[in-house]
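# Notes for the structure review
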Amino acid sequence: MAAEILTEDLLRISLQRLSREVVKSYPQFGEMLAQNMLRTCGLIPDVERAEHYRELGTLLIDLGRLYLAEADVLSTVEMPPT
C-alpha cells in the first residue's frame, strides 16, 4: 500500500512538472494534462482511474510524437554558412 501511494505521488509530481514544461510549447496539451492528472487523484474506483490513466497515456504518447517530429524538423534544418 505504501509503495502504491509513493508511486502515485511520484507520478503526480512528474506530471505536474511535465505539464509546466509542455505549456511553454504546446499550451493546449498543458491544460489537458492537468485535467487528466486531476482525474487520477483521489479515491475513485480503480476501473475509473484505469480509464483516466489510459487517456493520460494516450495523451502523453501523442505529445511525445509531436516533440519527436519537431526534433526531426530541427535536426534537418541546415545552418547558414558563416
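Here is what the cut-offs are and how they apply
Residues numbered from 1 in each chain as written. Predicted model: local features only at pLDDT ≥ 70, side-chain atom pairs only at ≥ 80, totals over all residues. Heavy atoms only, no water. Helix = DSSP H or I, 4+ residues; strand = E, 2+ residues; numbered from the N terminus. Contact = heavy atoms within 4.5 Å. Areas by Shrake-Rupley, 256 points an atom, 1.4 Å probe, with all protein chains shown as cover. pLDDT = per-residue confidence, 0-100. Buried < 20%, exposed > 50% of the residue type's maximum accessible area, 1.4 Å probe, protein only.

### A word on the overall build of the protein chain
In terms of helices and strands, the protein chain carries 3 helices and 0 strands. When its helices and strands are written in sequence order, the protein chain yields α-α-α. Intrachain contacts of the protein chain at a sequence separation of at least 6 include 52% that bridge at least 24 residues. Roughly 6300 Å² of accessible area belongs to the protein chain as shown, and the carbon and sulfur atoms make up 64% of that amount.

### Points about the confidence of the model for the protein chain
For the protein chain, per-residue confidence averages 79 on the pLDDT scale, and residues scoring 70 or more make up 85% of the total. The spread of mean pLDDT over the elements of the protein chain runs between helix α1 (residues 2–25), the lowest at 74, and helix α3 (residues 46–76), the highest at 87.

### Quick look at the environment of V23
Position of V23 relative to the elements: it lies in helix α1. Overall, the relative accessible area of 39% leaves V23 in the partly exposed class. Spatially, the C-alpha atom of V23 lies 9.6 Å from that of L33, the residues being 10 residues apart in sequence.

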